[in-house]
Amino acid sequence: DTAVSQTPKYLVTQMGNDKSIKCEQNLGHDTMYWYKQDSKKFLKIMFSYNNKELIINETVPNRFSPKSPDKAHLNLHINSLELGDSAVYFCASSSPGLQYFGAGTRLSVL
Amino acid sequence: QKEVEQDPGPLSVPEGAIVSLNCTYSNSAFQYFMWYRQYSRKGPELLMYTYSSGNKEDGRFTAQVDKSSKYISLFIRDSQPSDSATYLCAPAGDTGRRALTFGSGTRLQVQP
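What counts, and where the lines are drawn
- Residues numbered from 1 in each chain as written.
- Chains lettered and ligands numbered in written order.
- Predicted model: local features only at pLDDT ≥ 70, side-chain atom pairs only at ≥ 80, totals over all residues.
- Heavy atoms only, no water.
- Helix = DSSP H or I, 4+ residues; strand = E, 2+ residues; numbered from the N terminus.
- Rg over C-alpha atoms; globule rule 2.2 N^0.38 Å.
- Buried < 20%, exposed > 50% of the residue type's maximum accessible area, 1.4 Å probe, protein only.
- Contact = heavy atoms within 4.5 Å.
- Areas by Shrake-Rupley, 256 points an atom, 1.4 Å probe, with all protein chains shown as cover.
- Lys, Arg positive; Asp, Glu negative; His and termini not counted.
- Charge placed at Lys NZ, Arg CZ, Asp CG, Glu CD.
- Disulfide = S-S within 2.5 Å.
- Buried area = accessible area lost by both parts, 1.4 Å probe.
- Salt bridge = Lys/Arg side-chain N within 4 Å of Asp/Glu carboxyl O.
- Nonpolar A, V, L, I, M, F, W, Y, C, P; charged D, E, K, R; others polar.

Right, let's get into the overall build of chain A. The number of helices and strands found in chain A is 0 helices and 11 strands. The C-alpha atoms of chain A give a radius of gyration of 13 Å, which matches the 13 Å a tight globule of 110 residues would have. For chain A, the proportion of its 110 residues judged to be buried stands at 45%. Put simply, of all contacts in chain A between residues at least 6 apart along the chain, 53% involve residues at least 24 apart. Carbon and sulfur atoms make up 48% of the accessible area of chain A, which totals about 5500 Å². Each charge sign in chain A was given a centre, from 12 positive and 10 negative side chains, and these centres are 6 Å apart.

Time to look at the state of the cysteines. Applying the stated criterion to the full structure yields 2 disulfides over all chains. Paired through a disulfide, Cys 23 of chain A and Cys 91 of chain A show a sulfur-sulfur distance of 1.9 Å. An S-S torsion of about -80° defines the bridge between Cys 23 of chain A and Cys 91 of chain A as left-handed. Taken as a pair, Cys 23 of chain A in strand 3 (residues 19-25) and Cys 91 of chain A in strand 9 (residues 87-94) lie far apart in primary sequence, 68 residues in all. Residue classification places Cys 23 of chain A among the buried residues on the basis of a relative accessible area of 1%. Taking relative accessible area as the criterion, Cys 91 of chain A reaches 0% and is therefore assigned buried. A sulfur-sulfur separation of 1.7 Å characterises the disulfide bridge that pairs Cys 23 of chain B with Cys 89 of chain B. In this structure the cystine formed by Cys 23 of chain B and Cys 89 of chain B twists about its S-S bond by roughly -90°; its chirality is therefore left-handed. Of this pair, Cys 23 of chain B sits in strand 3 (residues 19-25) while Cys 89 of chain B sits in strand 9 (residues 85-92), and the two are 66 residues apart along the sequence.

We now examine the interface of chain B and chain A. Contacts between the two partners involve 19 residues from chain B and, on the opposite side, 24 residues from chain A. Here chain B packs against chain A, burying approximately 1700 Å² in sum over the two surfaces, 60% of which is carbon and sulfur. There are 0 salt bridges connecting chain B and chain A. Listing elements by their share of the side of chain B that touches chain A, those giving two or more residues are strand 4 (32-38) and strand 5 (45-51) of chain B. A per-element tally of the side of chain B that touches chain A places strand 4 of chain B first, with 3 residues. Taken together, the residues of the side of chain B that touches chain A break down into 9 nonpolar, 5 polar and 5 charged.

Shown next as structure tokens:
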């Protein structure tokens, strides 16, 4: 069983569209995260939720909105996609403790 | 100055070599030091972690932390082609809810 799973794995879309990425963890962890990895491979935190409560909200455009329906799920919705949003988005979870990552969602905005 | 710095590589070594991967950091509050391995088109995978200064060994891998010089190292003995990946260091103030601050990663290629 995959511990942290993200869907979809690949997402190709046009500028201006709205898209969502879903994340689920079956580790029983309390805290979940969204990271963005750009073309230069830097991994940067975007958001973190603890038991459905937003605890980290880095300087990210308002077009990005996370939602946590329960502590096992953290989704990321992106409005009005721009070319610069192209990247790999990783979900992670921790309990507290060490962070475990999903396989990533590769987003390409055309 | 970036909070965490790593040489991006690529670092190319022959199979069986000893590999040394290094990071420097600036935040003296960091207490936990993680190493992640990321294969191409995969998510980061936790490889090892240490607390405070000192060494930790796990099979062919040894993690070393020198807090006085804010220097982190990962040594790989008897390197294998399967070790070819990007290695990311991630120091943290605690392992709780805080997000990790990653280095840029060092790309390692082990030639058979």
